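# Architecture and fold: a report
Listed below, chain by chain, are the residues.
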Amino acid sequence: MTNDRKKRKGTLGRVIDAIGAWENAMDYTPYDYVLDRVCNLEREVLLLREELRASPALNNPGGRAKPASSSPAVAR
């Protein structure tokens with residue numbers, strides 16, 4: 001659109017065009033949703049890594065965290 005056409009359109013037409021452009025820019029596509037989910041998952045992984053590094057069982061030399069078990073320990 002040329003500048004002459006914009007001037008002939010008038011203020012109201014330019015405002016309506018600006019609102020339409022803003023609405024298109026704010027459109028939330030499935031691609032945006034996937035990117036947001038991936039970013040959130042990456043952030044969660046970083047938090048879990050930090051928690052593991054701060055775990056006292058892993059700070060001892062030779063110490064290992066014992067896996068959680070739903071069954072009682074049975075000697076074999």
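For every chain, the first residue of its written sequence is number 1, and the numbers climb from 1 along that sequence. Whole-chain, interface and lining totals are the exception, using all residues; otherwise, since this is a predicted model, local features are given only for residues with pLDDT of at least 70 and side-chain atom pairs are given and counted only at 80 or more. Side-chain descriptors were evaluated using all non-hydrogen atoms of the structure, hydrogens and water having been removed beforehand.

### Quick notes on the overall build of the protein chain
- Counting its regular elements, the protein chain contains 4 helices and 0 strands.
- Secondary structure elements are defined from DSSP: runs of H or I of at least 4 residues count as helices, runs of E of at least 2 residues count as strands, and each element is numbered from the N terminus. Ordered by position in the sequence, the α and β elements of the protein chain form the string α-α-α-α.
- For each residue, the accessible area found with a 1.4 Å probe, counting protein chains only, is set against the maximum for its type, and the residue is called buried under 20%, exposed over 50%, and partly exposed in between. Within the span of the protein chain, comprising 76 residues, buried residues form 3% of the whole.
- By element, 58% of the accessible surface of the protein chain is carried by carbon and sulfur atoms, the whole surface being about 7500 Å². Residue exposure ignores everything except the shown protein chains as possible cover, and the areas themselves are Shrake-Rupley values with a 1.4 Å probe.

### Here we look at the confidence of the model for the protein chain
- Counting all residues, the mean pLDDT for the protein chain is 79, and 64% of those residues have values of 70 or more.
- pLDDT measures how confident the predictor is about each residue, on a scale from 0 to 100. Within the protein chain, the lowest mean pLDDT, 64, falls on helix H4 (residues 56-59), and the highest, 94, falls on helix H3 (residues 30-54).

### Re a nonpolar patch on the surface
- Two distance rules govern patches: like charges are joined within 9 Å, and nonpolar side chains (Val, Leu, Ile, Met, Phe, Trp, Tyr) within 5 Å, applied only to residues with over 30% relative accessible area and no salt bridge. Salt bridge criterion: a side-chain nitrogen from Lys or Arg within 4 Å of a carboxyl oxygen from Asp or Glu. Judged by side-chain polarity, Tyr 28, Tyr 33, Val 34 and Val 38 come together as a nonpolar surface patch covering roughly 400 Å² of accessible area.
- Structurally, Val 38 can be placed in helix H3.

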